[in-house]
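This is what each chain is made of:
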Amino acid sequence: MIDYRQAQQLILQQAQSFGHEELPLELAFGRVLAETIRADRDYPPFPRATMDGYALRYSDLEKNIRRFTIAETLFAGDTATRTISEGECYKIMTGAAVPGSADLVIRREDVKESPATMVLRDEVEEGWRLFQNIARRGEDLQAGAVVIDRNCRCEPAVMGLLATLGKTTVKVEKLPRISLMTTGNEVVPVGTPVSPVQIRNSNRWLLEGALKKEGFDLASFAHAPDDPAALRQHLQQALTSDVVILCGGVSAGDADYVPGVLEELGVKKLFHKMAIRPGKPTWCGIRSRLHDDPGQPSRETMVFALPGNPFSCLVNTILLIQPYLQACLGLPVSQPLGLPMGESRKKRSPLDEFFPVHLFGAPARLTPVTLNGSGDIRLGRQANALALHPAGSGDLSADDEVLCYSFV
Ligand code: AMP
Ligand code: MG
């Protein structure tokens with residue numbers, strides 16, 4: 001039995017990229033960039049008016065000129081057809097390019113306007129600055145500057161940025177092929193009749209949901225009864241994937257065949273059992289397999305065999321599977337936050353205990369959510385985070401700080 005942080009370390013050491021692929025921008029939402037992105041030109045690309053108003057020459061203000069002839073009106077996207085000289089100005093709109101002959105923009109509110117001329121208002125005379133209300137070319141980024149230098153997810157702001165930079169295709173991390181296998185004679189698919197001693201397969205949906213939320217799809221799903229031959233047969237197929245997630249059959253019962261069958265099939269054990277509650281029986285291992293392309297080096301299949309209780313599945317997903325997949329994609333691994341408890345909590349096990357909490361408020365506090373043991377199908381429904389009641393500590397009091405993993 002190992003500490004869960006040690007288990008995390010062992011798993012993160014195995015993390016490796018699943019390769020790269022080039023995708024059109026429209027297919028990149030939620031994917032992880034695998035290239036350095038540089039500015040294709042200066043940003044802003046031209047001196048941009050940041051206010052609706054009048055563009056003119058600062059030197060005219062120094063000469064005490066206050067009345068200007070409007071030489072031209074410039075809308076966003078327009079190119080000026082002439083330069084201005086002393087006593088002239090452009091009427092200009094936000095987003096328009098400020099011609100080189102002007103070097104500041106005065107807000108519309110600060111002038112008296114007529115169709116052909118404008119006069120500066122006396123009351124706002126002071127404080128004019130060179131380049132006032134102009135975002136200067138290259139002041140945000142210079143052409144060639146690195147804009148994104150490490151793997152990051154294509155979230156809305158990143159998508160907007162890529163479009164700005166003219167990227168029509170991007171190199172992204174390939175997604176792993178993930179196989180999910182649930183086990184248990186008592187577990188039946190939702191939608192089929194369920195006898196009084198059977199339960200519905202909820203973990204299939206819980207685990208698939210946790211993966212989908214992070215942008216992963218299942219390559220295959222299978223359910224196996226508690227029978228070594230059936231497990232072996234289903235597993236042989238699943239082990240051709242990059243990641244195999246199993247659920248159930250890993251603890252100490254007479255029907256818990258999963259670890260034995262995995263080892264028989266050549267999966268090398270990384271650890272069996274973590275000193276946590278719930279979720280203790282977890283078994284993790286790794287197996288080399290030949291690459292689909294014989295020219296490529298062999299790859300590894302990572303195997304997570306989780307206990308069957310729904311809350312244990314959730315805990316293991318957050319502690320092990322998510323960090324592993326993040327690391328494989330080159331993303332920063334989510335770290336827990338230290339936050340104060342909103343109320344007290346009794347210690348129930350000498351191990352590191354994970355419990356569902358509602359993280360809420362400003363400043364944020366954690367309120368434990370009722371969970372009647374790891375088999376409670378409600379899974380701490382109102383919870384939005386998982387908190388740690390550490391081994392070696394006593395009961396928690398309100399305001400005690402604990403670590404918590406947000407999962408929404
Ligand atoms: P096990 O880890 O196989 O000993 O299962 C622990 C508990 O989780 C048992 O009560 C199982 O019935 C339940 N369980 C196992 N697999 C599933 C599943 N796929 N969906 C819901 N509950 C499950
Ligand atoms: Mg079972």
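Presented here is a report on the structure given in the accompanying data block.

Calculation notes
- Residues numbered from 1 in each chain as written.
- Chains lettered and ligands numbered in written order.
- Predicted model: local features only at pLDDT ≥ 70, side-chain atom pairs only at ≥ 80, totals over all residues.
- Heavy atoms only, no water.
- Core = buried A, V, L, I, M, F, W, Y, C linked by side-chain atoms within 4.5 Å.
- Buried < 20%, exposed > 50% of the residue type's maximum accessible area, 1.4 Å probe, protein only.
- Helix = DSSP H or I, 4+ residues; strand = E, 2+ residues; numbered from the N terminus.
- Pairing = 2+ DSSP bridges.
- Near = heavy atom within 4 Å.
- Polar contact = N/O pair within 3.5 Å; in protein donor to acceptor, adjacent residues only side chain to side chain.
- Areas by Shrake-Rupley, 256 points an atom, 1.4 Å probe, with all protein chains shown as cover.
- 1 Å grid on protein atoms, 1.4 Å probe; cavity = no way out; pocket = protein on both sides within 12 Å on 5 of 7 lines; lining within 4 Å.
- Points joined across faces, edges and corners; volume = space filled by probe spheres on them.
- Nonpolar A, V, L, I, M, F, W, Y, C, P; charged D, E, K, R; others polar.

Right, let's get into the nonpolar core. Within the largest apolar cluster, 46 residues are counted, with the highest numbers of intra-cluster contacts made by Ile245, Phe271, Phe304, Leu320, Leu325 and Phe354. For this core, the element with the highest residue contribution is helix H7 (residues 310-328), accounting for 11 residues. With 18 residues, the next largest nonpolar core counts Met181, Leu235, Ala238 and Val261 among its residues.

Turning next to the pairing of strand S23 (residues 352-360). Across two bridges, strand S19 (residues 276-277) lies against S23 in parallel orientation. What sits directly across from Arg277, in S23, is Glu353. In this sheet, strand S25 (residues 385-389) lies alongside S23 in antiparallel orientation, the contact comprising five bridges. Across the sheet, the residue bridging to Pro356 is Leu386, located in S25. Bridge count for S23 against strand S24 (residues 365-368) is four bridges, and the pairing is antiparallel. Paired with Val357 across the bridge in S24 is Pro368.

A separate point is the site of ligand 1. Close to ligand 1 lie 16 residues; Glu186, Asn201, Gly249, Gly308 and Asn309 are nearest. Within the side chain of Glu186, an N or O atom sits 2.5 Å from an oxygen atom of ligand 1. In the environment of ligand 1, an oxygen atom lies 2.8 Å from a nitrogen or oxygen atom belonging to the backbone of Gly308. For ligand 1, the accessible surface in isolation is 480 Å², of which the surrounding protein chains cover 78%. Breaking the shell around ligand 1 down by element, the ones donating at least two residues are strand S13 (178-183) and strand S15 (199-200).

What follows concerns empty space enclosed by the protein. Using the criterion set out here, one finds one cavity of 30 Å³ or more in the structure. Volume-wise, the largest cavity comes out at about 40 Å³. Taken together, Arg153, Glu214, Phe216, Gln322, Leu325, Gln326 and Leu329 form the lining of the largest cavity. By residue class, the composition of the lining of the largest cavity is three nonpolar, two polar and two charged.

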